[in-house]
Amino acid sequence: MKILLAFLLILFSSACVVIPTPEHRDHGRVPCDDEKTAFMVKDTTTKEEILLKLGEPDLVLNQERTFVYRWEMVAAYFFVGGYGAGAGGPIQRSHFLIIEFDDNNIVSRHEVRESVFTSRTPPVETLKSPQQSSGTMPPASPKPSS
Amino acid sequence: MRKASVRSCCRILLIFLSLLSLMACAHGNLDETFVSAPYVRERWLPYLVDGKTERNEIIQRLGEPSSKFQSGTILGYRLILVEEGRDISEEEYRIILVNLETAYLNRYFGWVDERRKLLSEKGTLLIVKEQNKEEKLLEILSREAEYSLVLVFDDQDILTTNSLRRIMP
């Protein structure tokens, strides 16, 4: 009986708490947020300007037609407590800036995507625009030629 | 009796205030001077002059770039700030990581500031490429800062524009 009571006490005295916070940067890449990408204008901004202002992309696809920049922000903190032990840490949210260029190396589309509570890069297919996905674009090359 | 309790209250308050000020002293801001892009440019890349420096000279000094764009008219270098001239051991890597973690967790950056100062004197910019990513894994993971250098050349292979961006941390 005493053992059962102790077990129940241990079981019910453990807890997990998630505290959402305003998104903020902890470590990692400098975010390519709205402030940093305000200069970008569709059908006007060139690939050269993008590279000079944002640096090298983290991923280059479709023979330099698509650039992807990735960074992480802390969206919440978790705390897990149990009998005699506890742990906690940040929960990261991944962000992806996807930029597409036309044949003249001008920005044709750009968007920021967020991946909720996962740091995994989304599948390459999901980064392409609908036109690209339908097969009108050249095949993806994972890295620029070096 | 009352006087004594007021005195002890004052003492506790005084101890509390001194502890508070001590904590305030311990919580400092990171010194960004030695890792800022302008400093790094002046310290390690002073030879980059728009309209003057030639492509060959840059490749001779920096080595092959991390990436090329627009048929090689734009070169990209991913540079990390690390200890110069030697590979770091696993033990050194662990010490760096523990110290960094502790510093950021406690918001006391004395060790980080000291490392940055030391790197400004004895550090180097290492180029990260696909070819050396595995070999230099410990250096990459324990880097103090990371930069993206983008160089644009004209058809005469003369540098026309360049930019150095700090991208990490």
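All figures in this text were calculated on a predicted structure; none of them were measured in a lab.

**As for the overall build of chain A**
Helices and strands together make up the secondary structure of chain A, namely four helices and five strands. Secondary structure elements of chain A occur, N-terminal to C-terminal, as α-β-α-β-β-β-β-α-α. Across the 146 residues of chain A, 20% fall into the buried class. Contacts in chain A between residues at least 24 apart in sequence constitute 60% of all its contacts with a sequence separation of at least 6.

**As for the overall build of chain B**
Helix and strand content of chain B: six helices and five strands. Ordered by position in the sequence, the α and β elements of chain B form the string α-α-α-β-β-α-α-β-α-β-β. When burial is assessed residue by residue, chain B has 24% of its 169 residues classed as buried. Taking the contacts inside chain B whose residues are at least 6 apart along the sequence as the reference set, 70% of them involve residues at least 24 apart.

**Some details on helix H5 (residues 110-122) of chain B**
Residue and element names in this part refer to chain B. Taking 1.5 Å of rise per residue, 13 residues should cover 18 Å, and H5 covers 18 Å from first to last C-alpha, within 8% of that figure. Inspection of H5 places Arg115, Arg116 and Leu119 among the buried residues, and these make up the whole buried set. The arc enclosing the buried residues of H5, seen along the axis, measures out at 100°, which places them on a common side. Facing away from the buried surface of H5 by more than 90 degrees, the exposed residues are Glu114, Glu121 and Lys122. Each element contacted by the buried residues of H5 is listed here: strand E2 (74-83) and strand E3 (123-127).

**Re the nonpolar core**
All names here are of chain B. Membership of the largest hydrophobic core comes to 41 residues, with the highest contact counts inside it found for Leu79, Leu81, Tyr147, Leu149 and Leu151. Looking at which element gives the most residues to this core, the answer is E2, with seven residues. Aside from chain neighbours lying at most four places away, what touches Leu151 is Ile58, Ile74, Leu75, Leu159 and Asn162.

**Some details on the environment of Asp33 of chain A**
Tracing the backbone shows Asp33 of chain A in the loop between strand E1 (15-24) and helix H2 (47-54). Taking the C-alpha atoms as reference points, Asp33 of chain A and Lys2 of chain A, separated by 31 residues in sequence, lie 57 Å from one another.

**A look at unusual backbone geometry**
With the exception of glycine, most residues fall at negative phi, and the peptide bonds are largely trans. The backbone of Glu64 of chain A sits at a positive phi, close to 70°, despite the residue not being glycine. Locating Glu64 of chain A in the fold gives a position in the loop between strand E2 (59-61) and strand E3 (66-82). Of note in this structure, Asp157 of chain B is not a glycine but carries a positive phi near 65°. Among the structural elements, Asp157 of chain B can be located in the loop between strand E4 (145-153) and strand E5 (159-168). Accessibility expressed as a C-beta count within 10 Å gives 15 for Asp157 of chain B, which makes it partly exposed.

**Looking at the pairing of E4 of chain B**
Residues and elements named next belong to chain B. Across the nine residues of E4, eight count as buried, placing the element largely inside the fold. Both E2 and E4 contribute to a ladder of eight bridges, which runs antiparallel. Across the sheet, the residue bridging to Arg78 is Ser148, located in E4. The antiparallel pairing of E4 with E5 creates a hairpin that spans five residues between the two strands, and Asp157 there sits at a positive phi of about 65°.

**A look at H2 of chain A**
Each turn of an α-helix holds 3.6 residues, which means side chains three or four residues apart point in the same direction. Residues and elements named next belong to chain A. Along H2, the positions that sit buried rather than exposed are Lys47, Ile50, Leu51 and Leu54. Take H2 and look down its axis: the buried residues cluster within an arc of 95°, on one side only. With its phi angle positive at about 85°, Gly55 sits one or two positions after the end of H2.

**Some remarks on the environment of Arg107 of chain B**
Residue placement: Arg107 of chain B occurs in the loop between helix H4 (90-106) and H5. A sequence separation of 56 residues divides Arg107 of chain B from Ser163 of chain B, and the C-alpha atoms of the two residues are 31 Å apart.

**Considering the confidence of the model for chain B**
Per-residue confidence for chain B gives a mean pLDDT of 83; residues scoring 70 or more make up 83%. With pTM at 0.72, the complex prediction returns an ipTM value of 0.73.

**Observations regarding the confidence of the model for chain A**
In low-pLDDT segments, the atomic positions of the prediction should not be examined closely. Residues and elements named next belong to chain A. On average, residues of chain A carry a pLDDT of 77, and 73% of them reach 70 or more. When pLDDT is averaged over each element of chain A, H2 comes out on top at 94 and helix H4 (residues 130-136) at the bottom at 51. With pLDDT under 50 throughout, residues 135-146 is counted as low confidence; its partners more than four residues away or in other chains account for 26 contacts.

**What about the environment of Thr46 of chain A?**
Residues and elements named next belong to chain A. In this fold, Thr46 is placed in the loop between E1 and H2. In this structure Thr46 comes out as partly exposed when scored by C-beta crowding, with 14 C-beta atoms within 10 Å. Sequence spacing of Thr46 and Val74 is 28 residues, and the spatial spacing of their C-alpha atoms is 31 Å. Those residues in contact with Thr46 that sit more than four places away from it in its chain are Asn105 and Ile106.

Calculation notes
Residues numbered from 1 in each chain as written. Chains lettered and ligands numbered in written order. Predicted model: local features only at pLDDT ≥ 70, side-chain atom pairs only at ≥ 80, totals over all residues. Helix = DSSP H or I, 4+ residues; strand = E, 2+ residues; numbered from the N terminus. Buried ≥ 20, exposed ≤ 12 C-beta atoms within 10 Å, placed from the backbone. Contact = placed C-beta atoms within 7 Å. Expected span 1.5 Å × (residues − 1). Arc of directions from axis to C-beta. Core = buried A, V, L, I, M, F, W, Y, C linked by C-beta atoms within 7 Å. Pairing = 2+ DSSP bridges. pLDDT = per-residue confidence, 0-100.

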